[in-house]
Amino acid sequence: MNPVNYLYLAALLFSIGAAGVLIRRNAIVVFMCVELMLNACNLAFVTFSRMHGNLDGQIIAFFTMVVAAAEVVVGLAIIVMIFRSRHSASVDDASLMKL
Amino acid sequence: MENIIGLLVALPLLGAAVLLCGGRRLDRTGHWLGTILAASSFVVGAVLFADMLGRSGDDRTLHQFLFSWIPVGGFRADVAFQLDQLSMTFVLLITGVGTLIHIYSIGYMEHDERRRRFFGYLNLFLAAMVLLVIADNYLLLYVGWEGVGLASYLLIGFWQHKPSAATAAKKAFIVNRVGDMGLSIAIMLMFTTFGTFAFGPVLKSAGDASEGTLTAIGLMLLLAACGKSAQVPLQSWLGDAMEGPTPVSALIHAATMVTAGVYLITRSGAIFNGAPDAQLAVVTVGAVTLLFGAIVGCAKDDIKKALAGSTMSQIGYMILAAGLGPIGYVFAIMHLVTHGFFKAGLFLGAGSVMHGMNDEVDMRKFGGLRKYMPITYVTFGLGYLAIIGFPGLSGFWSKDKIIEAAFAKGGTEGWILGAAALLGAAITAYYMTRVMLLTFFGEKRWQPTPSPDEPSAEPAADSAGGGEMPHPHESPKSMTVPMIVLAFGSVFAGGLFSLNDSFLHWLEPVTGHSHGHSPLSALTVTLATMAVLVVGVAIAWAQYGRKPVPVTAPRGSLLTRAARRDLLQDDFNHVALVTPGQYLTRGLVYLDHSVVDGVVNGTAAAFGGLSGRMRKLQNGYARSYAVSMFGGAAILIAATLLMRAV
């Protein structure tokens, strides 16, 4: 199978993730879309690695997964705290950081 | 012997320090301390003088090196003194006449509660002036020069509770600054030209410099001399300086301050000798001022201001003589010394008259005082005869020599200068006779003092005016004795100096001397001087001696009215300098407000407004920030791709 198809899939997943981040209000969903974008990138890395016969892309994919895991821990904790204090997980409600 | 030169300055300086820092506990004895220190400075001067006389003419210069003041690379300023015949003459005049004025002030300032401070200032004045004349380089001279300016400011404004005195002091200080500017520029020019400003090297190598440089230095020195010596165009402070106590006027006019300019020009003779244009400027200033001062002196009714005009005029003679070059230096200094005696005597006499007349200064309200103040009358009279050049008295010998030297300048210039000097002599005779007649002769024109703020000791008979009639009386001994001593000087000094040309031989090794070729014989000049003297006295007699003098001044001719206003000097300054200066500063203030501040404030306002708009972008919605991030990333990627495609 032509590896370029994987790239198309990666681009599609990334676009879905980006649209979800921009459109959806629920913090959990936004968070999942961010993960989707990260994994779209991972897929692209792995594909390129395969296409160029070079392992660098696969290694970077592992790094990304580790970072994403760490991010999930911190991000989920924040979201849970916000939900506890405001009884809402909407990102638009948490808009106090403005002048 | 040279080790004690520093004492000449140190003693009065010590007096000033002790009196000014000593506080009230010195109030009772301070004036004696000041006087004794001034007198001991004179004694040191006399000892040095005696020592100097014991050596031959070319071997008389003494040097004392104290310490290196500012040694920086090639720049080196020393605190070192040089005492030669010229300095010696000044030292004796300054400390001698200064001491007499100290003694006089003991009586004159007796009722002033700030007398201690007054003596402190007087001592400071003496110290600064002595430093000025014994410095061995121009920078140290400048220190003394500024010290004199400071002391004159403090003394002219001594009665600072009077706004007029405070203003006069400021005026004197500011006008003097203009001259000081000239001196500092001259010193800088000297340093760039000669690499030093010690008298010895500068004056020795003056001949090597180009004439243009010497002219520039000379003109700057002349500006300095104009400020300190009250010469046109910087003379306007002298008349107002009469606001100070009378002993101060005597000190400024006779021994210190105004003589500094003459000293500077004579000391810098080598520079002027190489710059004929600068010399021409000097003689022009001298000739103009001697007529200017004389005319002002004719119109003033205030006895001190009349004498101030006279000082201006007499210093004009000295500057004129100093500008003539080697034919005139000696006579400039000789006239300076004789003038020191009779002008100090005249001022102290005027002070004595005011002392007896409840501080009245208007001569039209004097009259007939000779019976009431015999000692003042005689001493003032001798000073008067000396200043108009009565044969045999001091002024006769010195002024006659200057007029001769002016003619000896040669050519048209010589005739013009000689004629100006002769005319000045006639006017001098006129205005001094006027002062004499108005004050001591004629009927009494005394007026009750309008507001007796200082009640006199004896109860006054009430007069029609409601105020007190003055009770003229002779002044105390502390005041009359200095006047008598000065009167002796006024009578004999000139003759003594001219005996065997002793003064000429005394100063010649320092200033040099050459006889010009006068188109007129000495006898002719003397006779002409006598003739104009008689004419001047006769006119004054006809105007003020034969007929009664009105108490209120008549309106007078246009010239009289102008002369009463110092020949419109202040008006000229106001129109030519003050008003444009005010417009300039107003313009600059406007420029500062609109342009400089405008740029700064405008920039700040622009950024403020911009940030006001920009901050609206910070709306706090995470998703809108995400949009900006995506947008930015998209633009970056698009740009990168575009660049790659190109």
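Being a predicted model, the structure only gives us computed values, none of them experimental. (Residues numbered from 1 in each chain as written. Chains lettered and ligands numbered in written order. Predicted model: local features only at pLDDT ≥ 70, side-chain atom pairs only at ≥ 80, totals over all residues. Heavy atoms only, no water.)

Engineer: It is not clear to me how the UniProt feature "transmembrane region" (unreviewed entry) in chain A should be interpreted in this structure. Could you clarify?
Structural biologist: Residue and element names in this part refer to chain A. Here the UniProt feature "transmembrane region" (unreviewed entry) sits at residues 6-23, 28-48 and 60-83. End C-alpha atoms of residues 6-23 are separated by 25 Å, and the span's content is 100% helix alongside 0% strand. Within the segment residues 28-48, helix and strand shares are 100% and 0% respectively, and the terminal C-alpha atoms sit 30 Å apart. (UniProt positions renumbered as here; feature names shortened; annotations may be inferred. Helix = DSSP H or I, 4+ residues; strand = E, 2+ residues; numbered from the N terminus.)

Engineer: Would you explain the nonpolar core in this entry?
Structural biologist: Most often, soluble globular proteins have nonpolar side chains that are buried together. Formed by 194 residues in total, the largest nonpolar core has its most connected members in Leu83, Ile134 and Trp237 of chain B. For Trp237 of chain B, the residues in contact, after removing those within four places along its chain, are Lys171, Ala172, Val175, Asn176, Gly227, Lys228, Ala230, Ile252, Met257 and Val258 of chain B. Counting residues in hydrophobic clusters, the runner-up holds seven residues, among them Val21, Val29 and Val30 of chain A together with Ala626 of chain B. (Core = buried A, V, L, I, M, F, W, Y, C linked by side-chain atoms within 4.5 Å. Buried < 20%, exposed > 50% of the residue type's maximum accessible area, 1.4 Å probe, protein only. Contact = heavy atoms within 4.5 Å.)

Engineer: Where do I start with the pairing of strand 1 (residues 62-72) of chain B in this structure?
Structural biologist: A regular strand places its side chains on the two faces of the sheet in alternate fashion. Residue and element names in this part refer to chain B. Relative to strand 2 (residues 75-83), strand 1 runs antiparallel, the two being bridged by nine bridges. Considered in strand 2, the bridge of Ser68 is made with Asp78. Linking strand 1 back to strand 2 in an antiparallel pair, the connection comprises two residues, with Gly73 at a positive phi of about 55°. (Pairing = 2+ DSSP bridges.)

Engineer: I would appreciate a short explanation of the packing of aromatic side chains in the present structure.
Structural biologist: All names here are of chain B. Throughout the structure, instances matching the rule amount to 19 aromatic pairs over all chains. For the ring pair Phe396 and Trp397, a centre distance of 5.2 Å and an interplane angle of 75° mean the geometry is edge-to-face. Classification of Trp397 by relative accessible area gives partly exposed; the value is 29%. The side chain of Arg114 reaches across the aromatic face of Phe158, ending 4.5 Å from its centre. (Phe/Tyr/Trp six-rings, centres within 6.5 Å; stacked < 30°, edge-to-face > 60°. Lys NZ or Arg CZ within 6 Å of the ring centre and 35° of its normal.)

Engineer: Explanation requested: the packing of helix 15 (residues 329-356) of chain B against helix 19 (residues 477-498) of chain B in the structure shown.
Structural biologist: Each pair of packed helices can be described by the angle between their axes along with the distance between the axes. All names here are of chain B. Two numbers describe how helix 15 lies on helix 19: the axes approach to 9 Å, and their chain directions differ by 155°. In terms of axis orientation, helix 15 runs roughly antiparallel to helix 19. In the packing of helix 15 onto helix 19, the handedness of the crossing is left-handed. Side by side, helix 15 and helix 19 meet where Met334, Val337, Thr338, Phe341, Phe342, Ala344, Gly345, Leu348, Gly349, Ser352 and His355 of the first sit next to Met479, Pro482, Met483, Leu486, Gly489, Ser490, Ala493, Gly494, Phe497 and Ser498 of the second. (Axes fitted to C-alpha atoms, helices over the stretch in contact; angles between N-to-C directions. Parallel < 35°, antiparallel > 145°, perpendicular 65-115°, else oblique. Left-handed = near helix turned anticlockwise from the far one by under 90°.)

Engineer: Just checking my understanding: could you explain a nonpolar patch on the surface for this structure?
Structural biologist: Residue and element names in this part refer to chain B. A cluster of nonpolar side chains, contributed by Leu584, Leu588, Leu591, Val595, Val596, Val599 and Val600, occupies part of the molecular surface with about 640 Å² of accessible area. Tracing the backbone shows Val599 in helix 23 (residues 569-614). In this structure Val599 comes out as exposed when scored by relative accessible area, which is 54%. (Patch = residues over 30% accessible without salt bridge, like charges linked within 9 Å, V, L, I, M, F, W, Y side chains within 5 Å. Areas by Shrake-Rupley, 256 points an atom, 1.4 Å probe, with all protein chains shown as cover. Salt bridge = Lys/Arg side-chain N within 4 Å of Asp/Glu carboxyl O.)

Engineer: Any chance you could explain the UniProt feature "domain: NADH-Ubiquinone oxidoreductase (complex I) chain 5 N-terminal" (unreviewed entry) in chain B here in plain terms?
Structural biologist: UniProt's feature table lists "domain: NADH-Ubiquinone oxidoreductase (complex I) chain 5 N-terminal" (unreviewed entry) at residues 69-119 of chain B, given in the numbering used throughout. Within residues 69-119 of chain B, the helical portion is 57% and the strand portion 25%, while the C-alpha atoms at the span's ends are 29 Å from each other.

Engineer: Just to check I follow, could you spell out the interface of chain B and chain A for this structure?
Structural biologist: Reports often express the size of an interface as the amount of accessible area lost when the parts come together. On the side of chain A, 15 residues touch chain B, which itself brings ten residues to the contact. Looking only at chain B, the three residues that lose the most surface to chain A are Tyr621, Arg623 and Phe630 of chain B, adding up to 57% of its buried area. Linking chain B with chain A are one salt bridge. A salt bridge links Asp92 of chain A to Arg623 of chain B; its shortest N-O distance comes to 2.8 Å. Between the two partners, chain B and chain A, sit three residue pairs in polar contact (both at pLDDT 80 or more). When grouped by side-chain class, the residues that make up the side of chain B that touches chain A number five nonpolar, three polar and two charged. (Buried area = accessible area lost by both parts, 1.4 Å probe. Polar contact = N/O pair within 3.5 Å; in protein donor to acceptor, adjacent residues only side chain to side chain. Nonpolar A, V, L, I, M, F, W, Y, C, P; charged D, E, K, R; others polar.)

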